[in-house]
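# Notes for the structure review
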Amino acid sequence: MGRQSRIRNGWAAGAALVLALVTGCEGVDGGGPTPSEENAGAPAAGRAVSPLRNPDGTGPGLAPVTGDTDRATARELIDGLDTKGRGPRTGYDRDEFGYAWMDTADGVPYARNGCDTRNDLLRRDGQDLRFRSGSDCVVVAMTLDDPYTGSTIEWRKQEASEVQIDHVVPLSYSWQLGSSRWSENKREQLANDPLNLIPVQGRANSAKSDSGPASWLPPDKSVRCAYAVRFAQVAAKYELSVTAPDKRMMSRQCGG
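Presented here is an overview of the structure given in this document.

Rules and cut-offs
- Residues numbered from 1 in each chain as written.
- Predicted model: local features only at pLDDT ≥ 70, side-chain atom pairs only at ≥ 80, totals over all residues.
- Heavy atoms only, no water.
- Helix = DSSP H or I, 4+ residues; strand = E, 2+ residues; numbered from the N terminus.
- Expected span 1.5 Å × (residues − 1).
- Buried < 20%, exposed > 50% of the residue type's maximum accessible area, 1.4 Å probe, protein only.
- Arc of directions from axis to C-beta.
- Contact = heavy atoms within 4.5 Å.
- Polar contact = N/O pair within 3.5 Å; in protein donor to acceptor, adjacent residues only side chain to side chain.
- Disulfide = S-S within 2.5 Å.
- Axes fitted to C-alpha atoms, helices over the stretch in contact; angles between N-to-C directions.
- Left-handed = near helix turned anticlockwise from the far one by under 90°.
- Nonpolar A, V, L, I, M, F, W, Y, C, P; charged D, E, K, R; others polar.
- Lys, Arg positive; Asp, Glu negative; His and termini not counted.
- Salt bridge = Lys/Arg side-chain N within 4 Å of Asp/Glu carboxyl O.

Side chains that are three or four residues apart share a direction in an α-helix, a result of its 3.6 residues per turn. Compared with an ideal rise of 1.5 Å per residue, which puts 12 residues at 16 Å, helix α2 (residues 68-79) spans 16 Å between its outermost C-alpha atoms and is within 8% of the ideal. For α2, every residue scored as buried is listed here: Asp70, Thr73, Ala74, Leu77 and Ile78. Buried residues of α2 fall within an arc of 135° about the axis and therefore sit on the same side. Turned more than 90 degrees off the buried face of α2, the exposed positions are Asp68, Thr69 and Glu76.

Okay, here's the thing in structure tokens:
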């Protein structure tokens, strides 16, 4: 973590279930942690929201899933996922999902709002936002409560990689599980859907790489069920299978 960081201890069956909620490893440990042009005045994003209360991904953060009822709901969502083995990575390229952080991936929240996806996510999750002079889009400084590590990051654009946007369901993972056969439009949606995107500590995101939940989980154990729910929400929304080990691990994090 960079010098300006400080540590504070401290989504058809599945789709139907998620809609209802709105209107209503084996032993794996997570990887990692292991101005003058700035304008003040942006409101804080607010407190982190449970994925069960945030099925479109427009709420900030990733609050823990707690309570027997919510954890049972989480397991039901996970149990509805189909499984298959990972196929080859042959042909995978990030450009198959559109150019990074495009604002023109129609069909997802924030599309065509005049601000790229990365900055949309920083605005959603960051607090004490400061913007580039003359812009209400480009975030140049903020405070981020990182859900993966439980740390608080005082981020500045000069150290951009300190905060990275994680694809909860990695694009390479999706490619090996079937997105290689999707339309270009659907892949662009997956890559820019806020449901599948969380700003997190850069080192934790790098440690995750394209791993599924059987191989990587957030270091902060309190959000592992929430992470499994978000992974399942994305897989269900896009009718994407997960591997059997990943499904078992996801269920286990929520008491299954």
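What follows covers the environment of Arg112. The topology assignment puts Arg112 in the loop between α2 and α3 (117-125). Considering only alpha carbons, one finds Arg112 and Met102, 10 residues apart in sequence, at a separation of 8.9 Å. Beyond its immediate sequence surroundings of up to four residues, Arg112 is in contact with Asp103, Thr104 and Asp106. In this structure the side chain of Arg112 is engaged in a polar contact, spanning 2.6 Å, whose partner is the side chain of Asp106.

Attention now goes to the state of the cysteines. What the rule picks out here adds up to 2 disulfides. Cys115 shares a disulfide with Cys137; S-S distance 2.1 Å. Disulfide Cys115-Cys137: torsion about the S-S bond near 85°, hence right-handed. Residue Cys115 is located in the loop between α2 and α3, and its partner Cys137 is located in the loop between β3 (127-132) and β4 (139-145); the two are separated by 22 residues in the primary sequence. Each member of the pair, Cys115 as well as Cys137, is classed as buried. If you count the bonded cysteines of the protein from the N-terminus, they pair up as 1-2, 3-4.

In the contact formed by α2 and helix α7 (residues 224-237), the axes pass within 9 Å of each other and the chain directions differ by 35°. In this structure, α2 crosses over α7, and the sense of that crossing is left-handed. Where α2 abuts α7, its residues Arg71, Ala74, Leu77 and Ile78 lie against Cys225, Ala228, Val229, Ala232, Gln233 and Ala236. Residues belonging to the contact of α2 with α7 are distributed by class as follows: 8 nonpolar, 1 polar and 1 charged.

Here we take up the side chain of Arg118. Its location among the elements puts Arg118 in helix α3. There is no salt bridge for the buried Arg118, and the closest opposite charge comes from Asp116, which lies 6.1 Å off by N-O distance. Here the side chain of Arg118 touches Val163 through a polar contact of 3.2 Å, landing on its backbone oxygen. Setting aside its immediate chain neighbours within four residues, Arg118 contacts Trp101, Trp155, Ala160, Val163, Gln164 and Ile165.

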